[in-house]
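# What the coordinates show
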Amino acid sequence: MTRIVSAGLGRAAVGVVLFGVAMLAVSNAPASAGADPEALLRDAREASEDVALTGIVEVRWRQGEGMRSETTEARSRRGAYVVGRGEHVAVGADGARWAADDGIATRWGHIEGDDPPRPGATWNLSLGPGAEVAGREAYMIVATNDDGAARARFFVDKDLGLLLRRDVLQHDGDLERSVRFTHLAAGGGAPALPPVPPGAPGPTSTDDVGTRFVAPERLDPGFRLLGKYEHPDGTVQLFYGDGLFSLSIFEQPGTVDWGGLPDGERRGTVNGERAAGYATPAGTVVVWGRDDLVLTGVSDAPRDVAYEAIAAIDGSDDGFLTDLVDFVLGPFGWN
Amino acid sequence: MSDLHEDALSAYLDGELDAAARAEVEGRLAESAEWRAILDEVRETRGALRALPQVDAATEFWARVLAGDDVVDLGATRRAKERRPRVWKVVAAGAAAAAVIVVGVIAVPERDKVAPAVASFTNAHAARSSVNADVVSNLASVGVPGLGR
């Protein structure tokens, strides 16, 4: 039932790993979850903190006319994680995070913020047919909106309770972005944590972001403000969640230096203001400006959902839906 | 179509036009080879200026500016430009020549222009998202090359 990827391991090591898997299966099985999709997703959050694993992860995302795919490594044990390798690596330990990317490091101390809403707070969750991911049996949980359209699929390991795969779907049902294990071995030694550069910058939690920044408590269609952070350079980050997806809005005083943005953007508008959009492995990114503020939205939600929430930061109750249609169907033309 | 002038191309490159004006400029560019040539010319000039080495302004320069001495009224420059829209090439050539001289002495900091660090922001978002959530699926985006690579 449980297939373990163990290429390169000796027979003794395989035995140890199998024993470990068996123990983990006992200790981490989502027995209390049963087949309740919301409980499965809730328990999967905790399983990711508890299960020791070594695996290969594939990230696929829609970029331009096609899908782009990249793979990386993931290791975790006893609350410590290493995802990535070389110059692209994220490390987590004891509630802290460090992300390094081409020499740009971001360090978070113990991250404070409200707990996310329950997984079914905004989305309708149901169990789909069983599936297999990385050779492991999995529950499939489908998230649909109020129109009945499936917008995400989650695959949870039947033995370990671990999230094995997450698919984000376009409105037409086609895949927009996916993160999945292609290989997974439970157990293994504690990951070696790369050294954190001394003095790496880190944001701090704040209750008051000042009057020049905007920080709505809620953003349609269902995001709730979970944390406010100030980065060392003065950038304010607002973090929102809807139970399944998340959204960050970064705010900086000034006007957008359009010539300084990364290549590969698509042009659009947010509430009539010029915007640049990107499809990234992390999800949708939109940069725009308003009232002497430069805003950058980053979200792993389906693109149209992200757009709606990003447009809502302007608080224009009357106009944003019209502009949103233009934004999604007009200038960007990603699909 | 409104009385659109080539001066709008500079504002267009700076991203200063509103949506309607930008659409109008893009429409004109689509139908006019002359406008496209002018746009290329303006872009080339600006690129050449940007390629020049920058030197920080002397401390006393800003002290004098803040004290009200030697103040350059950028608004006046813009107003003059608006009054004499048909001579933009002359103004641009003069400005370019002046800028070559000025840039060699001072570099006026563009204190209000911001280019968001998009890659860092996506990582910061991923790191925050991985707290009280599935760790691997949220951090995986950090572990792969993506934007601009």
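From a predicted model like this one, the values you see are computed outputs, not experimental measurements. (Residues numbered from 1 in each chain as written. Chains lettered and ligands numbered in written order. Predicted model: local features only at pLDDT ≥ 70, side-chain atom pairs only at ≥ 80, totals over all residues. Heavy atoms only, no water.)

### What about the overall build of chain B?
Where we set the bar: A run of H or I in DSSP counts as a helix once it spans at least four residues, and a run of E counts as a strand once it spans at least two, with each numbered from the N terminus. Relative accessibility thresholds used throughout: buried, under 20% of the residue-type maximum; exposed, over 50%; partly exposed, between the two (1.4 Å probe, protein chains only). Every residue pair with non-hydrogen atoms within 4.5 Å of one another is taken to be in contact. Note on areas: Shrake-Rupley, 1.4 Å probe, and residue coverage restricted to the protein chains presented here.
A tally of regular secondary structure across chain B gives 8 helices and 1 strand. Helices and strands in chain B line up, N terminus first, as α-α-α-α-α-α-β-α-α. Within chain B, the proportion of its 149 residues that are buried is 38%. Counted over contacts in chain B with a minimum sequence separation of 6, partners at least 24 positions apart contribute 63%. Carbon and sulfur atoms provide 57% of the accessible area of chain B, an area that totals close to 8400 Å².

### Thoughts on the packing of aromatic side chains
Ring pairs (aromatic) are described by centroid distance and by the angle formed between their planes. Heads up, the rule is: The aromatic pairing rule takes the rings of Phe, Tyr and Trp, using the six-membered ring of Trp, and pairs them if the centres are within 6.5 Å, calling planes under 30 degrees apart stacked, those over 60 edge-to-face and the rest tilted.
Under the criterion given, the structure shown has 2 aromatic pairs over all chains. For the pair A:W123 and A:F245, a centre-to-centre distance of 5.5 Å together with 80° between the ring planes defines the contact as edge-to-face. Of this pair, A:W123 sits in the loop between strand 6 (104-108) and strand 7 (124-127) while A:F245 sits in the loop between strand 16 (236-241) and strand 17 (246-253), and the two are 122 residues apart along the sequence. Of the residues examined, A:W123 reaches a relative accessible area of 7% and is grouped as buried. Exposure remark for A:F245: the relative accessible area of 3% places this residue in the buried category. Taking 4.1 Å as the distance between ring centres and 5° as the angle between the ring planes, the aromatic pair formed by A:F250 and B:F121 counts as stacked. Placement of the pair is A:F250 in strand 17 and B:F121 in helix 7 (residues 118-129), with the two residues belonging to separate chains. Exposure class is identical for A:F250 and B:F121. Each is buried.

### Brief notes about the nonpolar core
Residue and element names in this part refer to chain A. Condition: Remark: nonpolar core denotes a set of buried residues (Ala, Val, Leu, Ile, Met, Phe, Trp, Tyr, Cys) joined through side-chain atoms within 4.5 Å.
In this structure, F223, Y240, I249 and W288 are the most contacted members of the largest nonpolar core, which totals 38 residues. The element best represented in this core is helix 3 (residues 303-312), accounting for 6 residues. Dropping the residues within four chain positions of it, F223 is found in contact with E217, R218, Y240, G241, D242, F245, S246, L247, A301, V305 and A309.

### As for the pattern of salt bridges
All names here are of chain A. Put simply, the test is: For this document, the term salt bridge refers to a Lys or Arg side-chain nitrogen within 4 Å of an Asp or Glu carboxyl oxygen.
For the structure on display, the rule yields 12 salt bridges over all chains. For R118, the salt bridge goes to E38, with nearest N and O atoms at 2.9 Å. Here R118, found in the loop between strand 6 and strand 7, pairs with E38, found in helix 2 (residues 37-50); they are 80 residues apart in sequence, far enough to count as distant. The exposure class of R118 is partly exposed, given its relative accessible area of 47%.

### Here we look at helix 3 of chain A
Residue pairs spaced three or four apart in an α-helix point in one direction, given the helix's 3.6 residues per turn. Burial within helix 3 of chain A is extensive, with 8 of its 10 residues counted as buried. Along helix 3 of chain A, the residues that are buried comprise A:R303, A:V305, A:A306, A:Y307, A:A309, A:I310, A:A311 and A:A312.

### Looking at the interface of chain A and chain B
Put simply, the rule reads: Defined in terms of a 1.4 Å probe, buried area is the accessible area two parts forfeit on being brought together, summed over both. Residues adjacent in sequence count toward polar contacts only when both atoms are side-chain atoms; beyond that, a polar contact is any pair of N or O atoms within 3.5 Å, and within protein one must be able to donate a hydrogen and the other to accept it.
Tallying the contact residues gives 72 residues for chain A and 41 residues for chain B. Roughly 4600 Å² of surface becomes buried between chain A and chain B when both sides are summed, with 64% attributable to carbon and sulfur atoms. In this assembly, chain A and chain B are joined by 1 salt bridge. A:R267 is paired through a salt bridge with B:E26; the nearest N and O atoms lie 3.6 Å apart. Inspection of the chain A/chain B interface yields 12 residue pairs in polar contact (both at pLDDT 80 or more).

### Overview of the pairing of strand 15 (residues 223-230) of chain A
Residues and elements named next belong to chain A. Selection rule: Only strands that DSSP links by at least two bridges are regarded as paired with each other.
In terms of residue burial, strand 15 counts as a mostly covered element, since 6 of its 8 residues are buried. Pairing geometry for strand 13 (residues 204-205) and strand 15, over 2 bridges, is antiparallel. Bridge pairing in strand 15 links S205 to Y229. Relative to strand 15, strand 14 (residues 218-219) runs antiparallel, the two sharing 2 bridges. In the strand pairing of strand 15, L219 is matched with F223. Here strand 14 hands over to strand 15 after 3 residues, the two strands then running antiparallel side by side. As defined by bridge partners, strand 15 adjoins strand 16 across 6 bridges and the pair is classed as antiparallel. Across the sheet, Y229 pairs through a bridge with Q237, a residue of strand 16.

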